[in-house]
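What follows is the residue order along each chain.
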Amino acid sequence: MMYQAFLLAIPLLMVFQTSCINTSPLDSVKAIEQARAPKVSLSRLDELRNRAKFIGRSCKEVKDRYGQAEDGLYYLTTSTGVVYQTFCDMTTAGGGWTLVASVHEDNIYAKCTVGDRWTSQQGNWANRKTFGTVEAATDDDFKNPGYYDIDAEDMSVWHVPNKTPFYHWNLAAIMRYHTERRFLHLYGGNLYYLFHRYPVEYNVGKHLSDNGPSIPIVYDLGDKESTKMFYGPYSGGEIEGGFISFRAINHERAATAICSGVKPKGGNVEHYCIGGGGFFPEGNPLQCGDFTGFAWNGYGTHIGFSTSKQMLESAVLLFYR
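Note that this is a predicted model, so its numbers are computed, not measured. All chains use their own residue numbering, which begins from 1 and follows the written sequence. Note on the predicted model: pLDDT of at least 70 is required for a residue's local features to be given, and 80 or more for side-chain atom pairs to be given and counted; whole-chain, interface and lining totals, by contrast, use all residues. Side-chain measures were taken over the full set of non-hydrogen atoms in the model, leaving aside hydrogen atoms and water.

Turning next to the packing of aromatic side chains. Here a Phe, Tyr or Trp ring, Trp counted by its six-membered ring, pairs with any other such ring whose centre lies within 6.5 Å, and the pair is stacked when the planes are under 30 degrees apart, edge-to-face when over 60, and tilted otherwise. Counting across every chain of the model gives 22 aromatic pairs. Where Tyr192 meets Tyr193, the ring centres are 4.9 Å apart and the plane angle is 80 degrees; that geometry is what we call edge-to-face. For Tyr192, a relative accessible area of 9% corresponds to the buried category. When accessible area is computed with a 1.4 Å probe and restricted to protein chains, residues below 20% of their type maximum are described as buried, those above 50% as exposed, and intermediate ones as partly exposed. Residue Tyr193 is classed as partly exposed on the basis of its relative accessible area, which comes to 37%.

The subject of this paragraph is unusual backbone geometry. With phi around 55 degrees, Arg182 is a residue other than glycine that occupies positive phi space. Considering the arrangement of structural elements, one finds Arg182 in the loop between strand E6 (175-178) and helix H7 (191-197). Of the residues examined, Arg182 reaches a relative accessible area of 46% and is grouped as partly exposed. Here the phi dihedral of Arg247 falls at roughly 45 degrees; this positive angle occurs in a residue that is not glycine. Counting from the N terminus, the helices are the DSSP runs of H or I reaching at least four residues and the strands are the DSSP runs of E reaching at least two. With respect to the helices and strands, the residue Arg247 is situated in strand E10 (residues 243-249). With relative accessibility at 6%, the residue Arg247 sits in the buried group.

Once that is clear, we can look at the confidence of the model for the protein chain. Think of pLDDT as the predictor's per-residue confidence, scored from 0 to 100. Across the protein chain, the average pLDDT comes to 88, with 85% of residues at or above 70. What makes two residues a contact is simply this: any of their non-hydrogen atoms within 4.5 Å. Note on residues 1-35: pLDDT is under 50 here. Beyond four places in sequence and across chains, it has two contacts.

Attention now goes to the sheet that holds strand E11 (residues 255-259). Strands are labelled as partners when DSSP assigns at least two bridges between them. The strand order E7-E10-E11 describes an open sheet built from three strands, whose pairing is antiparallel. Edge strands, defined here as strands with exactly one partner in the open sheet, are strand E7 (214-216) and E11. Taking the axes of each pair of neighbouring strands and ignoring which way they run, one obtains an average angle of 5 degrees across the sheet. As paired elements, E10 and E11 share four bridges and run antiparallel to each other. In the sheet register, Ile249 faces E11, and the bridge partner there is Ala255. Only C-alpha atoms enter the line fits that serve as axes; for helices the fit covers just the stretch in contact. Angles between N-to-C directions range over 0 to 180 degrees.

Moving on: the state of the cysteines. By disulfide we mean two sulfur atoms from cysteines, separated by a distance within 2.5 Å. Applying the stated criterion to the full structure yields two disulfides. Cys59 shares a disulfide with Cys88; S-S distance 1.9 Å. Here the S-S torsion is close to -75 degrees, and the disulfide linking Cys59 with Cys88 is therefore left-handed. On the criterion of sequence distance, the pair formed by Cys59 in helix H4 (residues 59-66) and Cys88 in strand E2 (residues 83-89) is long-range, its members being 29 residues apart. Cys59 gets classed as buried once you look at its relative accessible area, which sits at 0%. Using a relative accessible area of 0% as the deciding quantity, one classes Cys88 as buried.

Most of strand E3 (residues 97-103) sits out of view: seven of its seven residues are buried. In this structure, E2 lies alongside E3, joined through two bridges in antiparallel fashion. In the strand pairing of E3, Asp89 is matched with Trp97. Pairing of E3 with strand E13 (residues 314-320), which is carried by five bridges, proceeds in the antiparallel orientation. Across the sheet, the residue bridging to Val103 is Val316, located in E13. Both E3 and strand E4 (residues 142-143) contribute to a ladder of two bridges, which runs antiparallel. Residue pairing across strands places Ala101 opposite Lys143, the latter belonging to E4.

Here it is as structure tokens:
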């Protein structure tokens, strides 16, 4: 019996060996992705497509009006009738959070090139340009019409590893938090208006005295100390965890847009704030780029002013509610 079983097993082993030899690395990657992707039935596809019938300018409106309680992709409509797709977080702290943008570092060493859409050189913090797709928000920069159209009160921020598919964002995130102060009402209702008041430009003021607001946050994943640990050891002495801060200015009068999870207490903000630039000593844009000076003392080394590799290789997702 054992000998017969062995003979029967030989063809199976040969098939397995042949399939391994003929399978390219790319095929293996595709197989893994297909295995990880959610299985979708026709009825489920019909349900997802019917979300296009919902009418709302924000995920909160969709949740409140249609009782939607599932995280995922939804369609929203601007005040002028533009329809667009985005991700809705319908579960965190009561849900209703609309993804409006993501900041993704394409190449930390390619200073202020095409991939750096959030630098002061292109000014996308205070205009109505849109770019990217919601499903690729951790592969590239993303900005949808909700960024300037939604009248919001609070923000939520997720740090999600690059190339993570949207249906794993929540679980894969290394840090998640939100505000509860309704602070956006004080600044026009969204970041578009906030950054008109606090422009991300070179030489708009001095560090600390001319910085924008710092708002306390509530952690959904992480805490004050773990936040500080993501940034470089030298940065730890001049940041306070538990805040989201806007338009921080460094010693050289270069502005950055958002300090995620921290309040600056010093002037080296290029090492822990994103979306900045504008200081070019002798034509060398050392402080230009979406993640500015995050690799100052080596890529992902977590030495000196260099952030951890986790932080450097994660996209920053920005939500409104």
